[in-house]
Amino acid sequence: MSILDETYTLAGGVEIPKLGLGTWFIDDDKAAEAVRAAVEIGYRNIDTAQAYGNERGVGEGVRSAAVPREQLFVSTKLAAEIKDYDQAVASIDESLHKLGLAYIDLMLIHSPQPWDDFRGGDYTEGNRAAWRALEAAHQAGRIRSIGVSNFQQQDLDSLLQSAIVVPHVNQLLVHAGNTPSELLDYCAGQRILVEAYSPIAHGAILKNAEVQAMAERYGVSVPQLCIRYTLQLDTVSLPKTANPDHMRSNAEVDFEISATDMDTLRGLRDVDYGEHSVFPVYSGK
(Lines give C-alpha, C1' and ligand atoms only; values in the text may rest on other atoms or scores of the structure.)
Protein backbone atom coordinates (compact mmCIF):
# COMPACT_ATOMS: atom_id res chain seq x y z
CA MET A 1 0.00 0.00 0.00
CA SER A 2 1.34 3.44 -0.97
CA ILE A 3 1.49 6.31 1.52
CA LEU A 4 -1.04 7.99 -0.79
CA ASP A 5 -3.60 5.36 0.28
CA GLU A 6 -3.01 5.79 4.01
CA THR A 7 -5.21 7.99 6.21
CA TYR A 8 -5.59 9.25 9.75
CA THR A 9 -9.03 9.57 11.35
CA LEU A 10 -9.76 12.99 12.84
CA ALA A 11 -11.50 13.31 16.21
CA GLY A 12 -14.74 14.11 14.37
CA GLY A 13 -14.56 10.81 12.46
CA VAL A 14 -13.48 12.24 9.08
CA GLU A 15 -10.60 10.46 7.32
CA ILE A 16 -7.69 12.58 6.08
CA PRO A 17 -4.92 11.29 3.77
CA LYS A 18 -1.49 11.25 5.45
CA LEU A 19 0.28 12.91 2.51
CA GLY A 20 -1.09 16.01 0.84
CA LEU A 21 -0.21 18.57 -1.79
CA GLY A 22 0.59 22.06 -0.55
CA THR A 23 -0.20 24.83 -3.05
CA TRP A 24 1.41 27.93 -1.52
CA PHE A 25 3.23 29.87 -4.27
CA ILE A 26 1.36 28.07 -7.07
CA ASP A 27 -0.26 30.78 -9.18
CA ASP A 28 -4.02 30.68 -9.64
CA ASP A 29 -3.67 30.05 -13.39
CA LYS A 30 -1.31 27.09 -12.76
CA ALA A 31 -3.14 25.58 -9.79
CA ALA A 32 -5.77 23.54 -11.68
CA GLU A 33 -3.10 21.81 -13.74
CA ALA A 34 -1.04 21.04 -10.62
CA VAL A 35 -4.07 19.61 -8.80
CA ARG A 36 -5.05 17.43 -11.75
CA ALA A 37 -1.48 16.12 -12.05
CA ALA A 38 -1.37 15.33 -8.32
CA VAL A 39 -4.69 13.49 -8.44
CA GLU A 40 -3.52 11.51 -11.47
CA ILE A 41 -0.44 10.43 -9.46
CA GLY A 42 -2.65 9.38 -6.55
CA TYR A 43 -2.84 12.38 -4.21
CA ARG A 44 -6.22 12.81 -2.54
CA ASN A 45 -5.41 15.63 -0.09
CA ILE A 46 -5.15 19.18 -1.51
CA ASP A 47 -4.34 22.17 0.71
CA THR A 48 -4.94 25.83 -0.17
CA ALA A 49 -5.79 29.09 1.63
CA GLN A 50 -7.52 32.38 0.97
CA ALA A 51 -4.12 34.04 1.37
CA TYR A 52 -2.59 31.96 -1.45
CA GLY A 53 -4.85 33.64 -4.00
CA ASN A 54 -5.40 30.35 -5.86
CA GLU A 55 -8.66 28.94 -4.49
CA ARG A 56 -10.35 29.41 -7.87
CA GLY A 57 -7.65 27.40 -9.67
CA VAL A 58 -7.51 24.71 -6.98
CA GLY A 59 -11.30 24.33 -7.15
CA GLU A 60 -11.18 24.04 -10.93
CA GLY A 61 -8.54 21.32 -10.56
CA VAL A 62 -10.69 19.44 -8.05
CA ARG A 63 -13.83 19.69 -10.19
CA SER A 64 -12.04 18.60 -13.38
CA ALA A 65 -9.91 15.86 -11.78
CA ALA A 66 -10.12 12.24 -12.89
CA VAL A 67 -11.74 11.08 -9.63
CA PRO A 68 -15.07 12.02 -8.01
CA ARG A 69 -15.13 15.01 -5.66
CA GLU A 70 -16.02 12.85 -2.64
CA GLN A 71 -12.72 10.96 -2.98
CA LEU A 72 -10.74 14.19 -2.50
CA PHE A 73 -9.95 16.00 0.74
CA VAL A 74 -9.83 19.77 0.17
CA SER A 75 -8.58 22.21 2.82
CA THR A 76 -8.55 25.98 2.87
CA LYS A 77 -7.87 28.65 5.48
CA LEU A 78 -9.64 31.74 6.73
CA ALA A 79 -7.41 34.79 6.16
CA ALA A 80 -5.34 35.60 9.26
CA GLU A 81 -6.72 39.16 9.36
CA ILE A 82 -10.33 38.01 9.91
CA LYS A 83 -11.10 38.20 13.62
CA ASP A 84 -14.83 38.91 13.47
CA TYR A 85 -17.88 36.62 13.26
CA ASP A 86 -19.71 38.32 10.38
CA GLN A 87 -16.53 38.74 8.33
CA ALA A 88 -15.68 35.09 8.92
CA VAL A 89 -19.15 33.96 7.80
CA ALA A 90 -18.85 36.04 4.61
CA SER A 91 -15.34 34.75 4.01
CA ILE A 92 -16.38 31.10 4.36
CA ASP A 93 -19.09 31.76 1.75
CA GLU A 94 -16.50 33.38 -0.49
CA SER A 95 -14.17 30.36 -0.27
CA LEU A 96 -16.98 27.97 -1.17
CA HIS A 97 -17.87 30.22 -4.10
CA LYS A 98 -14.28 30.58 -5.35
CA LEU A 99 -13.58 26.87 -5.02
CA GLY A 100 -16.91 26.14 -6.72
CA LEU A 101 -17.56 23.31 -4.26
CA ALA A 102 -20.64 22.35 -2.27
CA TYR A 103 -18.54 21.68 0.83
CA ILE A 104 -14.97 22.00 2.15
CA ASP A 105 -13.34 19.05 3.94
CA LEU A 106 -11.27 21.16 6.33
CA MET A 107 -11.10 24.88 7.03
CA LEU A 108 -8.59 26.47 9.38
CA ILE A 109 -7.98 29.84 11.03
CA HIS A 110 -4.70 30.65 9.24
CA SER A 111 -2.98 32.29 12.20
CA PRO A 112 -3.86 33.40 15.75
CA GLN A 113 -2.72 36.93 14.80
CA PRO A 114 -2.93 38.94 11.57
CA TRP A 115 0.32 38.55 9.61
CA ASP A 116 1.39 42.16 10.24
CA ASP A 117 1.27 41.47 13.99
CA PHE A 118 2.38 37.80 13.98
CA ARG A 119 3.06 36.60 17.58
CA GLY A 120 2.08 40.11 18.67
CA GLY A 121 -1.10 41.34 20.35
CA ASP A 122 -3.99 39.50 22.00
CA TYR A 123 -6.67 38.42 19.51
CA THR A 124 -8.44 35.98 21.82
CA GLU A 125 -11.92 37.39 21.27
CA GLY A 126 -11.43 37.70 17.52
CA ASN A 127 -10.29 34.08 17.26
CA ARG A 128 -13.27 32.93 19.31
CA ALA A 129 -15.59 34.89 16.99
CA ALA A 130 -13.99 33.39 13.86
CA TRP A 131 -14.17 29.95 15.48
CA ARG A 132 -17.91 30.33 16.15
CA ALA A 133 -18.38 31.01 12.43
CA LEU A 134 -16.42 27.85 11.55
CA GLU A 135 -18.41 25.85 14.11
CA ALA A 136 -21.67 27.09 12.56
CA ALA A 137 -20.54 26.11 9.04
CA HIS A 138 -19.39 22.73 10.39
CA GLN A 139 -22.75 22.21 12.11
CA ALA A 140 -24.49 23.06 8.82
CA GLY A 141 -22.42 20.46 6.94
CA ARG A 142 -20.68 23.00 4.72
CA ILE A 143 -17.30 22.21 6.30
CA ARG A 144 -16.63 18.60 7.33
CA SER A 145 -13.85 19.38 9.81
CA ILE A 146 -12.43 22.56 11.30
CA GLY A 147 -9.10 23.57 12.77
CA VAL A 148 -6.40 26.15 13.22
CA SER A 149 -2.92 26.88 11.94
CA ASN A 150 0.18 28.33 13.63
CA PHE A 151 -1.57 28.16 17.03
CA GLN A 152 0.71 27.80 20.07
CA GLN A 153 -0.49 26.10 23.25
CA GLN A 154 -1.67 29.37 24.84
CA ASP A 155 -3.66 30.19 21.68
CA LEU A 156 -5.32 26.78 21.79
CA ASP A 157 -6.02 27.05 25.52
CA SER A 158 -7.73 30.43 24.99
CA LEU A 159 -9.85 29.03 22.15
CA LEU A 160 -10.80 25.87 24.07
CA GLN A 161 -12.28 27.91 26.93
CA SER A 162 -15.27 28.80 24.75
CA ALA A 163 -15.14 26.27 21.88
CA ILE A 164 -17.93 23.76 21.37
CA VAL A 165 -15.81 21.77 18.91
CA VAL A 166 -12.16 21.09 19.79
CA PRO A 167 -10.09 21.89 16.68
CA HIS A 168 -9.64 18.74 14.62
CA VAL A 169 -6.32 19.97 13.20
CA ASN A 170 -3.46 22.37 13.95
CA GLN A 171 -1.33 23.03 10.88
CA LEU A 172 2.21 23.94 11.95
CA LEU A 173 5.70 24.58 10.63
CA VAL A 174 7.28 21.19 11.36
CA HIS A 175 10.46 19.88 9.78
CA ALA A 176 13.86 18.47 10.68
CA GLY A 177 15.48 21.53 12.25
CA ASN A 178 12.20 22.84 13.67
CA THR A 179 10.33 20.22 15.68
CA PRO A 180 8.05 21.77 18.34
CA SER A 181 7.95 18.57 20.43
CA GLU A 182 6.03 19.99 23.41
CA LEU A 183 3.34 21.45 21.17
CA LEU A 184 3.09 18.18 19.22
CA ASP A 185 2.60 16.29 22.50
CA TYR A 186 0.02 18.81 23.71
CA CYS A 187 -1.96 18.51 20.47
CA ALA A 188 -1.83 14.71 20.65
CA GLY A 189 -3.20 14.89 24.20
CA GLN A 190 -6.13 17.00 22.95
CA ARG A 191 -6.71 14.67 19.95
CA ILE A 192 -5.78 17.53 17.61
CA LEU A 193 -4.03 16.12 14.54
CA VAL A 194 -1.00 18.13 13.45
CA GLU A 195 -0.38 18.85 9.78
CA ALA A 196 3.25 19.65 8.95
CA TYR A 197 3.66 22.40 6.38
CA SER A 198 7.04 23.11 4.77
CA PRO A 199 8.32 19.61 5.71
CA ILE A 200 11.38 20.33 3.54
CA ALA A 201 11.95 23.61 5.43
CA HIS A 202 11.06 25.65 2.36
CA GLY A 203 14.17 24.11 0.77
CA ALA A 204 16.52 25.33 3.52
CA ILE A 205 17.24 21.80 4.78
CA LEU A 206 18.66 20.68 1.41
CA LYS A 207 22.03 22.21 2.29
CA ASN A 208 22.39 20.46 5.66
CA ALA A 209 25.39 18.06 5.45
CA GLU A 210 24.20 15.85 8.33
CA VAL A 211 20.78 15.39 6.73
CA GLN A 212 22.38 14.78 3.30
CA ALA A 213 24.59 12.04 4.76
CA MET A 214 21.62 10.40 6.51
CA ALA A 215 19.54 10.44 3.32
CA GLU A 216 22.40 8.78 1.44
CA ARG A 217 22.55 6.00 4.06
CA TYR A 218 18.87 5.26 3.41
CA GLY A 219 19.30 5.54 -0.35
CA VAL A 220 16.72 8.32 -0.56
CA SER A 221 16.68 12.04 -1.39
CA VAL A 222 16.76 14.72 1.32
CA PRO A 223 13.11 15.67 0.57
CA GLN A 224 12.06 12.02 0.89
CA LEU A 225 13.87 11.70 4.23
CA CYS A 226 12.27 14.93 5.49
CA ILE A 227 8.77 13.93 4.41
CA ARG A 228 9.19 10.50 6.01
CA TYR A 229 10.38 12.20 9.20
CA THR A 230 7.17 14.25 9.51
CA LEU A 231 5.06 11.16 8.80
CA GLN A 232 6.83 9.25 11.57
CA LEU A 233 5.98 12.14 13.90
CA ASP A 234 2.33 11.10 13.20
CA THR A 235 1.59 14.30 11.31
CA VAL A 236 0.04 14.88 7.90
CA SER A 237 2.88 15.93 5.58
CA LEU A 238 2.14 18.75 3.12
CA PRO A 239 5.07 19.24 0.73
CA LYS A 240 4.28 21.88 -1.88
CA THR A 241 5.19 21.57 -5.53
CA ALA A 242 3.70 22.12 -8.96
CA ASN A 243 6.21 19.68 -10.51
CA PRO A 244 4.71 16.20 -11.22
CA ASP A 245 8.16 14.56 -10.95
CA HIS A 246 8.58 16.01 -7.47
CA MET A 247 5.01 14.95 -6.58
CA ARG A 248 5.93 11.38 -7.51
CA SER A 249 9.22 11.29 -5.64
CA ASN A 250 7.65 12.98 -2.59
CA ALA A 251 5.26 10.01 -2.36
CA GLU A 252 8.04 7.40 -2.57
CA VAL A 253 8.64 7.22 1.16
CA ASP A 254 8.11 3.53 1.84
CA PHE A 255 11.04 3.16 4.26
CA GLU A 256 11.46 3.43 8.02
CA ILE A 257 13.75 5.91 9.80
CA SER A 258 15.36 4.27 12.84
CA ALA A 259 14.57 5.52 16.35
CA THR A 260 18.17 6.78 16.70
CA ASP A 261 17.99 8.75 13.46
CA MET A 262 14.55 10.12 14.41
CA ASP A 263 16.11 11.44 17.64
CA THR A 264 18.94 13.04 15.65
CA LEU A 265 16.47 14.75 13.29
CA ARG A 266 14.26 15.79 16.20
CA GLY A 267 17.27 17.41 17.87
CA LEU A 268 18.34 19.47 14.84
CA ARG A 269 18.03 23.23 15.37
CA ASP A 270 18.63 26.46 13.53
CA VAL A 271 17.66 26.36 9.89
CA ASP A 272 18.48 29.46 7.85
CA TYR A 273 15.47 30.27 5.65
CA GLY A 274 17.50 32.87 3.77
CA GLU A 275 15.38 35.21 1.64
CA HIS A 276 12.22 33.50 2.89
CA SER A 277 12.82 34.83 6.43
CA VAL A 278 10.72 37.83 5.37
CA PHE A 279 7.62 35.64 5.75
CA PRO A 280 6.24 35.78 9.32
CA VAL A 281 6.18 31.98 9.75
CA TYR A 282 9.92 31.78 8.97
CA SER A 283 10.90 34.88 10.96
CA GLY A 284 11.78 32.95 14.11
CA LYS A 285 8.97 34.52 16.15
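Residues numbered from 1 in each chain as written. Predicted model: local features only at pLDDT ≥ 70, side-chain atom pairs only at ≥ 80, totals over all residues. Heavy atoms only, no water.

Caption draft 1: Quick peek at the overall build of the chain. The secondary structure content of the chain amounts to 10 helices and 10 strands. Here the C-alpha atoms of the chain give a radius of gyration of 18 Å, agreeing with the 19 Å that 2.2 N^0.38 yields for 285 residues. For the chain, the C-alpha atoms occupy an extent of roughly 55 × 40 × 35 Å along the three principal directions. Here the chain, with 285 residues, has 55% of them falling under the buried criterion. Looking at the chain alone, contacts between residues at least 24 apart form 74% of all its contacts between residues at least 6 apart. When the 24 basic and 40 acidic side-chain charges of the chain are each reduced to a single mean position, those positions are 2 Å apart. (Helix = DSSP H or I, 4+ residues; strand = E, 2+ residues; numbered from the N terminus. Rg over C-alpha atoms; globule rule 2.2 N^0.38 Å. Buried < 20%, exposed > 50% of the residue type's maximum accessible area, 1.4 Å probe, protein only. Contact = heavy atoms within 4.5 Å. Lys, Arg positive; Asp, Glu negative; His and termini not counted. Charge placed at Lys NZ, Arg CZ, Asp CG, Glu CD.)

Caption draft 2: Examining the sheet that holds strand 9 (residues 193-197) more closely. Pairing is parallel in the open sheet, where 8 strands are placed in the order 3-4-5-6-7-8-9-10. Taken across any chain shown, the strands that pair with only one partner, and hence form the sheet edges, are strand 3 (21-22) and strand 10 (236-238). Judged from the 3 bridges that link them, strand 4 (residues 45-47) and strand 5 (residues 73-78) form a sheet pairing that is parallel. Within the sheet, the bridge partner assigned to Asp47 lies in strand 5 and is Ser75. (Pairing = 2+ DSSP bridges.)

Caption draft 3: Just the packing of helix 5 (residues 153-160) against helix 6 (residues 181-189), in detail. Direction vectors running N to C along helix 5 and helix 6 enclose 25°, while the axes themselves pass 10 Å from each other. When the axes of helix 5 and helix 6 are compared, the pair comes out roughly parallel. Counted together, Gln153, Leu156, Asp157 and Leu160 of helix 5 and Leu183, Tyr186 and Cys187 of helix 6 form the full contact between these two elements. For the contact of helix 5 with helix 6, the residue count by class is 5 nonpolar, 1 polar and 1 charged. (Axes fitted to C-alpha atoms, helices over the stretch in contact; angles between N-to-C directions. Parallel < 35°, antiparallel > 145°, perpendicular 65-115°, else oblique. Nonpolar A, V, L, I, M, F, W, Y, C, P; charged D, E, K, R; others polar.)

Caption draft 4: Spatial organisation of the pattern of salt bridges. If you walk through the whole model with that rule in mind, you get 15 salt bridges. When the shortest N-O distance is used, the salt bridge between Lys30 and Asp29 registers 3.8 Å. Here Lys30 falls in the partly exposed class, since its relative accessible area comes to 44%. Asp29 sits in the exposed class, given a relative accessible area of 59%. The network of salt bridges with shared partners includes Asp28, Arg36, Arg56 and Glu60. (Salt bridge = Lys/Arg side-chain N within 4 Å of Asp/Glu carboxyl O.)

Caption draft 5: Layout of the side chain of Arg228. By the element assignment, Arg228 lies in helix 8 (residues 222-232). Under the relative-accessibility criterion, Arg228 is labelled buried at 14%. When sequence neighbours within four positions are dropped, the list of residues in contact with Arg228 reads Val253, Phe255, Glu256 and Ile257.

Caption draft 6: The arrangement of helix 3 (residues 85-99) in detail. Under the 1.5 Å per step criterion, the end-to-end length of helix 3 is 21 Å for 15 residues, consistent within 8% with the ideal 21 Å. Among the residues of helix 3, Ala88, Ser91, Ile92, Ser95, Leu96 and Leu99 are the ones counted as buried. Each buried residue of helix 3 sits inside an arc of 140° when the element is viewed along its axis, so together they form one side. Seen from the open side of helix 3, the exposed residues pointing more than 90 degrees away from its buried face are Asp86 and His97. Following helix 3 by one or two positions, Gly100 adopts a phi angle in the positive range, close to 70°. (Expected span 1.5 Å × (residues − 1). Arc of directions from axis to C-beta.)

Caption draft 7: Structural view of the packing of aromatic side chains. Here the structure, examined in full by the defined rule, presents 4 aromatic pairs. Plain terms: the ring middles of Trp24 and Phe25 are 4.6 Å apart, the flat faces sit at 25° to each other, and that makes the pair stacked. Arranged with centres 6.4 Å apart and planes meeting at 25°, the rings of Trp24 and Tyr52 form a pair that is stacked. Here Trp24 is found in the loop between strand 3 and helix 1 (28-41), whereas its partner Tyr52 is found in the loop between strand 4 and helix 2 (55-63), with 28 residues between them in sequence. (Phe/Tyr/Trp six-rings, centres within 6.5 Å; stacked < 30°, edge-to-face > 60°.)

Caption draft 8: The arrangement of the pairing of strand 5 in detail. Counted residue by residue, strand 5 has 6 buried out of 6 residues, so it is predominantly covered. At this point the chain moves from strand 4, through helix 2, to the parallel strand 5, and the crossover so formed is right-handed. For the crossover from strand 5 across helix 3 to strand 6 (residues 104-109), the handedness is right-handed. (Right-handed = clockwise from strand over helix to strand, strands pointing away.)

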